[in-house]
Amino acid sequence: MGKQFGAKRGLKRHKTPDKFERSATVRNKKRIKDEVVARRSSPTLLGESSGKESSGRASEEMNYKEPSMYDKLLTKLKSNNKSIADAYQRRKVSEDDETEGSESLSVSDEEDGYEELDMVDNEEQTEDVETEDDLQTSETDQDEDLSISGPSAVATSSFSNHVEYKLSKVEAEDLPKKRWKYTWEVPAADISNCKWVGTGECFIKDDDLNSNYGLKQKLYKHWLDAYKTSGGSDFHSSRQRWFFSLCNSYCDILHCEKKPFYHKGFEEDSNIMDAYLMHSLNHIFRTRDLVRKNDAKISKHQESTKEDILSGDGFLDQGFTRPKVLILLPLRSIALRVIERLIQLAPATSRVNVEHIDRFYQDFGSEEVEGDNEKEEQPKNAKFHKPPKPSDHQSLFKGDTRDDFMIGIKFTRKTIKLYGDFYSSDIIVASPLELMTKFGKAEKNKDLDTDYLSSIEVVIIDHADVISLQNWSFLTSVVERLNHIPSKQHGTNVMRIRQWYLDGFAKFYRQTIILGYYLNPDMNSLFNRLCLNYQGKVKSVRDHKGVLPKVLSQVRQIYERFDADSIADVDDARLEYFAKKVFPKIKDEEQGGIMLFVSSYFEFVRLRNFLKSQNASFCLLGDYTDQRDISRARIWFFEGKRKIMLYTERIHFYRRYKIRGIRNLIIYSLPERKEFYPEIVNMLEGSDDLACTVLFSLFDKLRLERIVGSAPAKRMIKSEKGVFVFC
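Reading the values: the criteria
- Here the residue index of a chain counts from 1 through its sequence in written order.
- With the structure being a predicted model, the display of local features is reserved for residues of pLDDT at least 70 and the display and counting of side-chain atom pairs for 80 or more, all residues being used for whole-chain, interface and lining totals.
- To obtain the side-chain values, all non-hydrogen atoms of the structure were used and water was disregarded.
- Helix and strand assignments follow DSSP, with helices taken as H or I runs no shorter than four residues and strands as E runs no shorter than two, numbered in order from the N terminus.
- Type-normalised accessible area, obtained with a 1.4 Å probe on protein chains alone, sets the label of each residue: buried when under 20%, exposed when over 50%, and partly exposed for intermediate values.
- Residue contacts are defined here by distance: any two heavy atoms, one from each residue, within 4.5 Å place the two residues in contact.
- Only the protein chains shown count as cover for residues, and the accessible areas themselves come from Shrake-Rupley with a 1.4 Å probe.
- Polar contact criterion, stated in full: a pair of N or O atoms within 3.5 Å, where within protein one must be able to donate a hydrogen and the other to accept it, and residues adjacent in sequence count only if both atoms are side-chain atoms.
- For two strands to count as paired, DSSP must find a minimum of two bridges between them.
- All axes are obtained by fitting lines to C-alpha atoms, using only the stretch in contact for helices, and the reported angles, taken between N-to-C directions, cover 0 to 180 degrees.
- Comment on the angle field: the value is read as roughly parallel under 35 degrees, roughly antiparallel over 145, roughly perpendicular from 65 to 115, and oblique elsewhere.
- Under the scheme applied here, ten amino acids are nonpolar (Ala, Val, Leu, Ile, Met, Phe, Trp, Tyr, Cys and Pro), four are charged (Asp, Glu, Lys and Arg), and all others, including Gly, are polar.
- When the centres of two rings from Phe, Tyr and Trp lie within 6.5 Å, Trp using its six-membered ring, the rings pair. Their planes under 30 degrees apart give stacked, over 60 give edge-to-face, and anything left gives tilted.
- The criterion is that NZ of a Lys, or CZ of an Arg, lies within 6 Å of the ring centre and within 35 degrees of the ring normal, and then a charge sits over that ring.
- Handedness of a helix crossing follows the sense of rotation of the near helix relative to the far helix, less than a right angle counterclockwise being left-handed and clockwise being right-handed.
- Note on terminology: a nonpolar core comprises buried Ala, Val, Leu, Ile, Met, Phe, Trp, Tyr and Cys residues joined through side-chain atoms within 4.5 Å.
- By salt bridge we mean one thing: a side-chain nitrogen of Lys or Arg within 4 Å of a carboxyl oxygen of Asp or Glu.

**Q** Would you take a moment to explain the overall build of the protein for this structure?
**A** Helices and strands together make up the secondary structure of the protein, namely 27 helices and 18 strands. A burial count over the protein gives 54% of its 727 residues as buried. Taking all contacts inside the protein whose residues are at least 6 apart in sequence as the whole, residues at least 24 apart take part in 80%. Of the roughly 34300 Å² that the protein leaves accessible, carbon and sulfur atoms contribute 48%.

**Q** What is the right way to look at the environment of Asp626 in this model?
**A** Mapping Asp626 onto the fold places it in the loop between β14 (618-621) and α23 (627-639). Its relative accessible area of 36% is what places Asp626 among the partly exposed residues. Within the structure, Asp626 has its side chain in polar contact with the backbone nitrogen of Arg628 (distance 3.0 Å).

**Q** Quick question: what am I supposed to make of the sheet that holds strand β1 (residues 182-187) here?
**A** Sheet strands line up and pair through hydrogen bonds in the backbone, either parallel or antiparallel. Here eleven strands make up an open sheet; going across it, the order is β1-β2-β11-β3-β10-β9-β4-β8-β6-β7-β5 and the pairing mixed. Lying at the two open borders of the sheet, with one neighbouring strand each, are β1 and β5 (353-355). Ignoring strand direction, the axes of neighbouring strands in this sheet form an average angle of 15°. Here strand β3 (residues 252-255) runs beside strand β11 (residues 537-542); their pairing, made up of three bridges, is parallel.

**Q** Where do I start with the sheet that holds strand β12 (residues 556-561) in this structure?
**A** Taken together, the seven strands give an open sheet; going across it, the order is β14-β15-β13-β16-β17-β12-β18, and neighbouring strands pair in mixed fashion. This sheet does not close on itself; its edge strands, each paired only once, are β14 and β18 (723-726). Between one strand axis and the next, the sheet turns by 20° as a mean value, whatever way the strands run. The pairing of strand β13 (residues 594-598) with strand β15 (residues 644-648) spans five bridges and is classified as parallel. Its bridge partner lying in β15, Val598 is registered against Thr648. Packed onto the sheet, helix α22 (residues 601-613) meets β13, β14 and β15 and runs at close to 165° relative to β14.

**Q** How should I be thinking about the pairing of β11 in this particular structure?
**A** Relative to β11, strand β2 (residues 194-199) runs antiparallel, the two being bridged by five bridges. Residue pairing in the sheet places Val197 in a bridge with Lys539 of β11.

**Q** Any chance you could explain helix α20 (residues 521-530) here in plain terms?
**A** Working note: α-helix, 3.6 residues per turn, so residues spaced by three or four point in the same direction. Listed as buried for α20 are Met523, Asn524, Leu526, Phe527 and Leu530. With a side-chain oxygen positioned 3.1 Å from the backbone nitrogen of Asp522, the residue opening α20 is Asn520.

**Q** Can you help me understand the packing of helix α12 (residues 332-345) against helix α13 (residues 357-364) in this one?
**A** A pair of packed helices can be characterised by two numbers: the angle between their axes and the separation between those axes. Between α12 and α13, the shortest axis-to-axis distance is 10 Å and the interhelical angle comes to 155°. In terms of their interaxial angle, α12 and α13 are classed as roughly antiparallel. Taking contact as the criterion, the partners of Arg332, Ala335, Leu336, Ile339, Glu340 and Ile343 in α12 are, on α13, Ile357, Phe360, Tyr361, Asp363 and Phe364. By residue class, the composition of the contact of α12 with α13 is eight nonpolar, no polar and three charged.

**Q** How should I be thinking about the packing of aromatic side chains in this particular structure?
**A** Centre-to-centre distance and the angle between the planes together describe a pair of aromatic rings. For the coordinates displayed, the defined rule picks out 37 aromatic pairs. Between Phe397 and Phe653, the ring centres sit 5.5 Å apart and the planes meet at 65°, which makes this aromatic pair edge-to-face. With Phe397 in the loop between α14 (391-396) and β6 (406-411) and Phe653 in helix α24 (residues 649-655), this residue pair connects regions lying 256 residues apart in the sequence. Ring geometry for Phe696 against Phe724: centres 6.2 Å apart, planes inclined by 50°, an arrangement best described as tilted. Of the two residues, Phe696 sits in strand β17 (residues 691-696) while Phe724 sits in strand β18, which places them 28 residues apart along the sequence. The two residues Phe696 and Phe724 agree in class, both being buried. Aromatic ring contacts, followed pair by pair, group Tyr165, Phe320, Trp500, Tyr501, Tyr509 and Tyr534 into a single cluster. Positioned above the aromatic ring of Trp636 is the side chain of Arg642, whose terminal nitrogen or guanidinium carbon lies 4.3 Å from the ring centre.

**Q** Any chance you could explain the pairing of strand β7 (residues 415-418) here in plain terms?
**A** On any regular strand, side chains alternate: one points to one face of the sheet, the next to the other face. Neither face of β7 is exposed, since Thr415 and Lys417 on one face and Ile416 and Leu418 on the opposite face are all buried. As paired elements, β5 and β7 share three bridges and run parallel to each other. Within β7, the residue paired with Asn353 across the bridge is Thr415. In this structure, β6 lies alongside β7, joined through three bridges in antiparallel fashion. Note on β7: the bridge partner recorded for Ile409 is Leu418. Here β6 hands over to β7 after three residues, the two strands then running antiparallel side by side.

**Q** Please clarify how the packing of helix α15 (residues 432-444) against helix α17 (residues 472-480) should be interpreted in this entry.
**A** At a minimum axis separation of 9 Å, α15 and α17 run at an interaxial angle of 60°. In this view, α15 runs oblique relative to α17, as classed from their interaxial angle. Of the two elements, α15 crosses α17, and the hand of that crossing is left-handed. Contact residues: Pro432, Leu433, Leu435, Met436 and Phe439 in α15; Phe474, Leu475, Ser477 and Val478 in α17.

**Q** I keep staring at the nonpolar core and nothing clicks. Help me out?
**A** In summary, soluble globular proteins display a tendency toward joint burial of nonpolar side chains. One finds Phe243, Phe411 and Val429 to be the most contacted residues of the largest nonpolar core, which totals 118 residues. For this core, the element with the most residues is helix α11 (residues 266-305), which contributes ten residues. Counting residues in hydrophobic clusters, the runner-up holds 37 residues, among them Val547, Val551, Val555 and Val694.

**Q** So what exactly am I meant to see when it comes to the pattern of salt bridges here?
**A** A side chain of one charge can pair with a side chain of the opposite charge if their charged atoms are brought near each other. All chains considered together, the criterion is met by 30 salt bridges. Of the charged contacts, one joins Lys258 and Asp462 as a salt bridge, the two residues approaching to 3.3 Å between their closest N and O atoms. Of this pair, Lys258 sits in the loop between β3 and α11 while Asp462 is found in the loop between β9 (458-461) and α16 (464-468), placing the two residues 204 residues apart along the sequence. Here Lys258 falls in the buried class, since its relative accessible area comes to 1%. When its relative accessible area of 1% is taken as the criterion, Asp462 is described as buried. Two residues, Asp400 and Arg402, come together in a salt bridge whose shortest N-O distance is 2.7 Å. Residue classification places Arg402 among the partly exposed residues on the basis of a relative accessible area of 42%. Linked by salt bridges that have partners in common, Lys258, Asp269, Arg337 and Asp462 make up one network.

This is how it looks when you write it as structure tokens:
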């Protein structure tokens, strides 16, 4: 392994191995240091007062320009570190030389397989320390040009095209307020009634069968071998290859028509997961290789020219901190599944050793999720009993269901390090809840920070539908806090930070991939408001057939539409309609057995307060109801001691209760998960005049489509009539 960092975390100027060190380099550094000391009389650079300030004030005023974000950053960093102040001075000298026509330094683009110098670490050396001979015999590209000058003849990758694009200030100002237009569409492979739509020009085309599809050679070969081992025969036409190409475009992606592993979609979910994990590995490996190549170029340049000044955009290859990929997941059991697969997809040469794997299984559990085909073992003579919970519930909540976790993963040449320091990790896998906890601690303790999120370039939000039933506001807060200028200096080599980081444009280069089982307004809002990638957007759109045929009982389902002027007024309009049109019909009903189903906790609170104000006889099954109170409420409702039960979608998601005693069902707001609708309606008991009343508005269109179907939903929204009956 290459030489290690010091005590400071993150990236700093690479210290070249001994074989590259020369006494001339030492003398060169001393010479530059003396020059920097001689220039320290300038108050604009080092903030020191000088007796000669008045004599040069006139010329300074003439050449003054407003400090850029870069200048402000260095001014902030240099106050904490003398070496940063020296770096600032050298960068200023370099910029002055460029304006005078000096030769700029260019670097050739990265090629697959270059591994001459190992990535620098900031941890203590592990047992697999590499010798100088290891470095010399590591895999290299024979055709790689290590010269400083001369453009690369190698075709650029999507990674290079993305990170090397120079976003103008005008473009950056326009992106947050830009209204994207989806100008093209293509059918979605293997997903019925679904298509992909995107902005800009359609980039989806038939890739060359002999190409690596944008993957590094060793990643492609390993993935292809894994695909064939699993029984695949046509990798080119596979869903995972196709979705990887979509990810490799570096557009923001919204795919909320993905059938999850726990809902008879194990193969589809696994293919999508493989694609985004390979995209993540490809991104961090290409980032690492670019840094290594530039380290080698700098070393060779220092040998030949005896200069230590970096110039040219080709050497700007880093962010403020090392982590580049953030994967947000809802449960530890899902994180176990994702990280296990990430390790499997890494090439064998990169996972000779996986550190802390035993601790990982202790923290996240070791049971494998095998989808819906797995069945519990039954004694030979035992009678078959229908499971008390649906199969999707059993599959999702199998294993560790805690939602507080965060783990850093670091890749070196031969080792995968789990539980690495976040500042030295390449990938961070976390739950929104745990990140919010980190934010809270950092606000209370000034010695703590979350600057490791400042340089995230790929964000993957998987199972967004499950996260929406936890706390969506946590996820929104996490995304809002990404790509901020760090509050502290973390050992970063400021001479090699990309310009778009320093300009505060990192959020416009960040790719966000949102994956889920269904789409709701919150997901749409996050995608439209916080996903600002200059590359554009791609999303899936689907025509739904509805789930009404799954209603087994002969129930009259009466849909009543209410009007609302805007999405901000819809909650008030819903409550007003219920209070005037629906509640008077059930207020004096003696029979009882009335269930009020609500989708969100906020609606639950409003409806609870309204029922209290009306002195109604009711009981609660809400998100935070104690288990003893739940048992008591179910008995009271079944025995008729309470006429009305208030029941939320969230508690049904986690508990999947079979409520007895329902004779009249009022769906105050439609469920987000379409399978819940027939489950709730089929709970109605009795044989005579079973009825279900559903309230909806224009702003419930997404949920309405999933339940009654896309075509009927459009008619119900636009029709002059306000009441619709399904039998």
